[in-house]
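# Observations on chain architecture
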Amino acid sequence: MGTVAENIEAIRARIRAAAERAGRDPDSVRLVAVSKRQSLAAIREAMACGQRVFGENYLQEAEEKVAALGQGLVWHCIGHLQSNKARIAAEIFDCIETLDRPKLAKALEIRLAELGKIMPILVQVNVGGEAQKAGVAPKDAGQLCRELQQLSHLRLQGLMTMPPFAEDPEESRGYFRQLRLLGEELTAQGLLGQHGPVQLSMGMSGDFEVAIEEGATLVRVGTALFGER
Ligand SMILES: *Cc1c(COP(=O)(O)O)cnc(C)c1O
């Protein structure tokens, strides 16, 4: 494991190479640096390399980091959110990737309306149908998207997923493809794509290259960038 600066350079090169292999524009893939349980110093090292987008899982931790590091960064919520924490989430995040139920959406809408803030969101899809994972079932994603369209402070931009854990990244490929196809289907139905190109957040340290080959526009990388948590 190198320094954060070395790691980030290597990840950027791997992102570019994966995009080129897939015949995609490397600039169509954004790196979300997953900074959960990492220090402010580590985040500052990434910032010094020009990294601006960070992903956080835990609300209290995110709140402290946003307060300490302040403006100019883009904070993505990638962890499970409780509806009763919607007020803080609405305040501190710039994108919520884990919208998976109407109750949470409605709670966020109320808080965002109070703040006069528009929140980009992704619908989290449980592609593997795992009982222990959050996310809407693929078959229910369309209905959730339809409900989200009614909420004027939520800007639905795409889908996010975390497939079942696998040692071999090739085992994730089918799930990533499934998310892309679901995105295409929902777009064809007029349920996605109203706010620009559909975003697909998929791929982590172990499998982000496969995810890019399958269409990821956001990759969420923690360990490969910052080291073990
Ligand atoms: C922790 C986490 C990541 C990053 O995982 P790494 O394997 O450390 O890259 C990505 N996405 C979500 C939702 C996470 O919780």
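Residues numbered from 1 in each chain as written. Predicted model: local features only at pLDDT ≥ 70, side-chain atom pairs only at ≥ 80, totals over all residues. Heavy atoms only, no water.

## Details of the overall build of the chain
Worth spelling out the cut-off: To qualify as a helix, a DSSP run of H or I must reach at least 4 residues; to qualify as a strand, a run of E must reach at least 2; elements of each kind are numbered from the N terminus. Radius of gyration here is computed from C-alpha atoms only, and the compact-globule reference equals 2.2 Å multiplied by the residue count raised to the power 0.38. Burial classes follow relative accessibility: with a 1.4 Å probe on protein chains only, a residue under 20% of its type's maximum area counts as buried, one over 50% as exposed, and anything between as partly exposed.
Within the chain, the regular secondary structure consists of nine helices and eight strands. Taking 229 residues into account, the globule formula puts the C-alpha radius of gyration at 17 Å, and the chain, at 17 Å, falls close to it. Projected onto the principal axes, the alpha-carbon positions of the chain cover approximately 45 × 40 × 30 Å. Per-residue burial over the chain gives 51% buried out of 229 residues.

## Some remarks on unusual backbone geometry
Of note, Arg37 is a non-glycine position whose phi angle comes to about 55 degrees, a positive value. Positionally, Arg37 belongs in the loop between strand E1 (30-34) and helix H2 (40-48).

## A short note on the site of the ligand
Here is the rule we go by: It suffices for a single heavy atom of a residue to lie within 4 Å of a molecule or strand for the residue to be listed as near it. Think of a polar contact as two N or O atoms within 3.5 Å of one another; within protein, one of them needs to be a possible hydrogen donor and the other a possible acceptor, and neighboring residues in sequence only count if both atoms come from side chains. Here the Shrake-Rupley method, with its probe set to 1.4 Å, supplies the accessible areas, and only the displayed protein chains count as covering residues. Throughout, the ten residues Ala, Val, Leu, Ile, Met, Phe, Trp, Tyr, Cys and Pro are labelled nonpolar, Asp, Glu, Lys and Arg are labelled charged, and all others, Gly among them, are labelled polar.
Near the ligand, the surroundings consist of 13 residues, among which Lys36, Asn57, Ser205, Gly222 and Thr223 are the closest. Asn57 places a side-chain nitrogen or oxygen 2.7 Å from an oxygen atom of the ligand. In the environment of the ligand, an oxygen atom lies 2.8 Å from a nitrogen or oxygen atom belonging to the side chain of Arg229. Burial of the ligand by the protein chains amounts to 90% of its free accessible area of 380 Å². Here the residues of the shell around the ligand sort into six nonpolar, four polar and three charged.

## Observations regarding helix H6 (residues 141-148)
Condition: Arc definition: it is the arc formed by the directions from the helix axis to the C-beta atoms. Two residues qualify as a contact provided that any one of their heavy atoms is within 4.5 Å of a heavy atom in the partner residue.
Listed as buried for H6 are Ala141, Gly142, Leu144, Cys145 and Leu148. Buried residues in H6, looked at end-on, bunch into an arc of 160 degrees, giving them a common side. Looking at the buried positions of H6, the neighbouring elements they touch are strand E4 (95-99), helix H5 (102-115), strand E5 (119-125), strand E6 (154-161) and helix H7 (170-188).

## Points about the packing of H2 against helix H3 (residues 59-69)
Helices that pack against each other are described as a pair by the angle of their axes relative to one another and the distance between those axes. Going by this rule: To get an axis, a line is fitted to the C-alpha atoms, and for a helix only the part in contact is used. The angle between two axes follows their N-to-C directions and goes from 0 to 180 degrees. Oblique is the label for any angle not under 35 degrees, not over 145, and not in the 65 to 115 range, which are roughly parallel, roughly antiparallel and roughly perpendicular in turn. Crossing handedness is read from the near helix: turned anticlockwise from the far helix by less than a right angle, it gives a left-handed crossing, and turned clockwise, a right-handed one.
Two elements in contact, H2 and H3, have axes whose closest approach is 11 Å; the angle formed by their N-to-C orientations is 55 degrees. Judged by the inter-axis angle, H2 sits oblique to H3. Where H2 crosses over H3, the two elements pack in a sense that is right-handed. In this structure, H2 uses Leu40, Ile43, Arg44 and Met47 to contact H3, whose residues at the interface are Lys65, Ala68 and Leu69.

## Let's talk about the side chain of Asn57
Inspection of the secondary structure puts Asn57 in the loop between strand E2 (53-56) and H3. In this view, Asn57 contacts Val34, Lys36, Ile78, Gly79 and His80; residues no more than four positions away in its chain are not counted.

## Some thoughts on the nonpolar core
Keep this limit in mind: Think of a nonpolar core as a cluster: buried Ala, Val, Leu, Ile, Met, Phe, Trp, Tyr and Cys residues, connected wherever their side-chain atoms sit within 4.5 Å.
With 65 residues, the main nonpolar core has Phe93, Leu108 and Leu148 as its most contacted residues. By residue number, the principal contributor to this core is helix H1 (residues 4-21), which donates six residues.

## Details of the environment of Val53
Secondary-structure assignment places Val53 in strand E2. Counting along the chain gives 22 residues from Val53 to Trp75, while the straight-line C-alpha distance between them is 6.0 Å. With near-sequence residues (within four places) excluded, Val53 lies in contact with Leu31, Val32, Ala33, Val74 and His76.

## Notes on the environment of Ala19
Within the secondary structure layout, Ala19 lies in helix H1. Spatially, the C-alpha atoms of Ala19 and Ala216 are 9.3 Å apart, while their sequence positions differ by 197 residues. Residues contacting Ala19, with those up to four places away along its chain left out, are Arg24, Asp25, Pro26 and Ile212.

## Notes on H2
Residues of H2 that are buried: Ala42, Ile43 and Ala46. Take H2 and look down its axis: the buried residues cluster within an arc of 100 degrees, on one side only.

## As for the side chain of Ser83
If you trace the backbone, Ser83 turns up in the loop between strand E3 (74-77) and helix H4 (86-92). On the basis of relative accessible area, Ser83 is assigned to the buried category, the value being 17%. Those residues within four positions of Ser83 in sequence are excluded, and the remaining contacts are Arg101, Lys103, Leu104 and Ala107.

## Looking at the pattern of salt bridges
Inclusion rule: One side-chain nitrogen of Lys or Arg within 4 Å of one carboxyl oxygen of Asp or Glu is enough to make a salt bridge.
Inspection of every chain in the model, using the stated rule, returns 16 salt bridges. With a closest N to O distance of 2.6 Å, Glu61 and Lys65 form a salt bridge. Taken together, the residues Glu61 and Lys65, both in helix H3 and four residues apart, mark about one turn of the helix. Assessed through its relative accessible area of 18%, Glu61 is described here as buried.

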